[in-house]
Structure formats: C-alpha cells, structure tokens
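Notes for the structure review
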Amino acid sequence: QVQLVESGGGLVRPGGYLRLSCAESDGWRLNSYQMGWFRQAPGKEREFVAAIALNSVATYYADSVKPRFTISRENADYTVLLQMFDAKPEDTAVYYCAASTMTGWALSPYDYDYWGRGTQVTVSW
C-alpha cells in the first residue's frame, strides 16, 4: 500500500513562493507511478494542478497555474515537488499529492490510485 505524505504548506503573501513536497511514508521510490498534484478550495471540487510522467521529463499543467508552477521529481524519485511561484489568492486550497498507474495523462481524480491527506496553502496578506 502506497501512503503519500505532503509537506511544505503554509501562509504565503501574494507574489511569493512556496514549495510543496510529497514522499511515500515508508520510504519507497515513486518511480513506478505517474505523480500528480490536485487542490481543493472550500466549497469547490478537487481540481487538477499538475502531473509528471514516469520519465521525469514530460509534465502537464492546468492552464490556471501555467507558467507559475513547476512539478518535478527529486532525490532519485523519492520525492515529488510542486514549486509555486508568483502565488495568487486564488491558489488558496488544500493541496493533495497523488499516484497513478494509468498510461497516458491522468487528469481526473478518478485516474489516481493513491492519495495523501493534503496540506493547506493560504495566499493572503
């Protein structure tokens, strides 16, 4: 069972930077999965933010975060990062890391097999 843990959330000022991290709680590598980040604001559905393919090269972003966010694999695929540049108040949400065994881009929450519990990101003065 893959158990994902997110970290790095918090309060950031508009225009600021925040880095979210995702790792498997037992220390397993994530190189067998397409990895994605989703977010959910109060009263809204969970929405796709970004995904990275197994090859660590191909990435896919929601239009709302291009080109401000960057997804990457680090530490020999033990960690997946989401770097948030030029944060905006509308980025405020709980951010979730997820792992998918799907081939082709996994853009829906239903495409993912494993989820973390989320980390809160608040963009505000």
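Residues numbered from 1 in each chain as written. Predicted model: local features only at pLDDT ≥ 70, side-chain atom pairs only at ≥ 80, totals over all residues. Heavy atoms only, no water.

As a further point, take the sheet that holds strand 8 (residues 79–84). In space, the 4 strands of this open sheet follow the order 1-3-8-7, with antiparallel pairing throughout. Sheet topology places strand 1 (4–7) and strand 7 (69–74) at the edges, where each strand pairs with a single neighbour. Taking each pair of neighbouring strands and ignoring which way they run, the sheet shows an average axis angle of 20°. Both strand 7 and strand 8 contribute to a ladder of 6 bridges, which runs antiparallel. (Pairing = 2+ DSSP bridges. Helix = DSSP H or I, 4+ residues; strand = E, 2+ residues; numbered from the N terminus. Axes fitted to C-alpha atoms, helices over the stretch in contact; angles between N-to-C directions.)

With 35 residues, the main nonpolar core has M35, W37, L82 and Y95 as its most contacted residues. Among the elements of the structure, strand 3 (18–24), strand 4 (34–40), strand 5 (47–52), strand 7, strand 8, strand 9 (93–100) and strand 11 (119–123) are those that each provide at least two residues to this core. (Core = buried A, V, L, I, M, F, W, Y, C linked by side-chain atoms within 4.5 Å. Buried < 20%, exposed > 50% of the residue type's maximum accessible area, 1.4 Å probe, protein only.)

Moving on: the pairing of strand 5. Counting buried positions along strand 5 gives 5 out of 6 residues, so the element sits mostly inside the fold. Sheet analysis places strand 4 next to strand 5, joined by 5 bridges and oriented antiparallel. In the strand pairing of strand 5, F38 is matched with F48. Between strand 4 and the antiparallel strand that follows it, strand 5, lie 6 residues; G43 among them carries a positive phi value of about 80°. Strand direction decides the pairing type here: strand 5 and strand 6 (residues 59–61), joined by 3 bridges, are antiparallel. Paired with I52 across the two strands is T59, which belongs to strand 6. Hairpin connection between strand 5 and strand 6: a loop of 6 residues separates the two successive antiparallel strands, and S56 in this loop has a positive phi of roughly 65°.

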